[in-house]
Amino acid sequence: DLAVRFTAARAELSAAQATLRTAEIQLELTRTDADSTLTIARGGLTQAAALGRVSKTAIDQARADLAAALAQRELADAELQRSQQLIASGALSASHYDARKAQLAQTEAAVAQTKARLAGAQTGIDSAAGAMQNAQGRLSAAWEGSEPTV
């Protein structure tokens, strides 16, 4: 009877050791998974921040381009008005006047194009803000040890 109990105790010990080893392996896998999730979340934050900086730079460039386009439009408008006065007095040819008119139209198109580029760059900021919130949520969830639900 003692030998049976001894064998049963050894079997229970082996089972407990196997359970412990399984738990240790599971813990290591959980740590690795959590570290991986944190790394991904941090990468998402870095990427979102970079997108924000790129978008800010694009906005600054578009604003500068818009200022230049507006100045060129103003100059083209002034030249067209002068040309109107000169054509009325006969001191300017119609083709020169038409060229000034076309120049004004081109500068107006450049202004519209630059405004559109500025709006697109501002959308990039909104996108970066959304990506930042998403990454922050993932990071918070990673710290808590679970993925956010969608």
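Scroll up a little and you will see the structure.
None of the values given here were measured: they were computed from a predicted structure. (Residues numbered from 1 in each chain as written. Predicted model: local features only at pLDDT ≥ 70, side-chain atom pairs only at ≥ 80, totals over all residues. Heavy atoms only, no water.)

Comments concerning the overall build of the protein
Line of reasoning, step 1. Along the backbone of the protein there are 2 helices and 0 strands.
Line of reasoning, step 2. The globule rule puts the C-alpha radius of gyration for 150 residues at 15 Å, and the 35 Å found for the protein is more than 25% above it.
Line of reasoning, step 3. For the protein, the spread of C-alpha atoms along the three principal axes comes to 130 × 20 × 20 Å.
Line of reasoning, step 4. Counting all 150 residues of the protein, 19% fall into the buried class.
Line of reasoning, step 5. Working note: accessible area of the protein is about 10600 Å², and carbon and sulfur atoms make up 58% of it.
Line of reasoning, step 6. Each charge class in the protein can be summarised by its mean position, and for the 15 positive and 16 negative side chains these summaries are 4 Å apart. (Helix = DSSP H or I, 4+ residues; strand = E, 2+ residues; numbered from the N terminus. Rg over C-alpha atoms; globule rule 2.2 N^0.38 Å. Buried < 20%, exposed > 50% of the residue type's maximum accessible area, 1.4 Å probe, protein only. Areas by Shrake-Rupley, 256 points an atom, 1.4 Å probe, with all protein chains shown as cover. Lys, Arg positive; Asp, Glu negative; His and termini not counted. Charge placed at Lys NZ, Arg CZ, Asp CG, Glu CD.)

Re the side chain of Thr114
Line of reasoning, step 1. Inspection of the secondary structure puts Thr114 in helix α2 (residues 94-144).
Line of reasoning, step 2. Beyond its immediate chain neighbours, meaning those up to four positions away, Thr114 contacts Ala62, Asp65, Leu66 and Ala69. (Contact = heavy atoms within 4.5 Å.)

Structural notes on the environment of Glu79
Line of reasoning, step 1. The residue Glu79 is located in helix α1 (residues 2-88) in this model.
Line of reasoning, step 2. Residues Glu79 and Gln103 lie 24 residues apart in sequence; the distance between their C-alpha atoms is 9.3 Å.
Line of reasoning, step 3. Polar side-chain contacts of Glu79 include one of 3.1 Å to the side chain of Arg100. (Polar contact = N/O pair within 3.5 Å; in protein donor to acceptor, adjacent residues only side chain to side chain.)

A look at the pattern of salt bridges
Line of reasoning, step 1. In total, this model carries 4 salt bridges according to the counting rule given.
Line of reasoning, step 2. Note that Glu24 and Arg21 form a salt bridge whose closest N and O atoms lie 3.6 Å from each other. Separated by 3 residues within a single helix, Glu24 and Arg21 lie in helix α1, roughly one turn from each other.
Line of reasoning, step 3. Accessibility expressed as a relative area gives 49% for Arg21, which makes it partly exposed.
Line of reasoning, step 4. Note that Asp60 and Lys56 form a salt bridge whose closest N and O atoms lie 3.2 Å from each other. With Asp60 and Lys56 both in helix α1 and 4 residues apart, the pair spans about one turn of that helix.
Line of reasoning, step 5. By relative accessible area, which is 37% here, Asp60 ends up partly exposed.
Line of reasoning, step 6. Classification of Lys56 as partly exposed rests on a relative accessible area of 46%. (Salt bridge = Lys/Arg side-chain N within 4 Å of Asp/Glu carboxyl O.)

Points about the nonpolar core
Line of reasoning, step 1. Residues Ile59, Ala62, Leu66, Ala69, Val111, Leu118 and Ala121 constitute the largest nonpolar core, which totals 7 residues.
Line of reasoning, step 2. Put simply, the parts of the chain that give this core at least two residues each are α1 and α2.
Line of reasoning, step 3. When residues of this core are assigned to their parent elements, the largest contribution, 4 residues, is made by α1.
Line of reasoning, step 4. When near neighbours in sequence (up to four residues on either side) are disregarded, Ala69 contacts Ala110, Val111 and Thr114.
Line of reasoning, step 5. With 6 residues, the next largest nonpolar core counts Leu38, Ala41, Leu45 and Leu139 among its residues. (Core = buried A, V, L, I, M, F, W, Y, C linked by side-chain atoms within 4.5 Å.)

Side note on α1
Line of reasoning, step 1. In this model α1 runs 126 Å from its N-terminal to its C-terminal C-alpha over 87 residues, within 8% of the 129 Å that 1.5 Å per residue would give.
Line of reasoning, step 2. Backbone geometry just after α1 places Gly90 at a positive phi near 85°. (Expected span 1.5 Å × (residues − 1).)

Looking at the packing of α1 against α2
Line of reasoning, step 1. Between α1 and α2, the least distance of the axes is 6 Å, while the angle of their chain directions is 165°. Judged by the angle between their axes, α1 and α2 are roughly antiparallel. At the point where α1 passes α2, the crossing takes the left-handed sense.
Line of reasoning, step 2. Of the residues that constitute the contact of α1 with α2, the class distribution is 30 nonpolar, 16 polar and 13 charged. (Axes fitted to C-alpha atoms, helices over the stretch in contact; angles between N-to-C directions. Parallel < 35°, antiparallel > 145°, perpendicular 65-115°, else oblique. Left-handed = near helix turned anticlockwise from the far one by under 90°. Nonpolar A, V, L, I, M, F, W, Y, C, P; charged D, E, K, R; others polar.)

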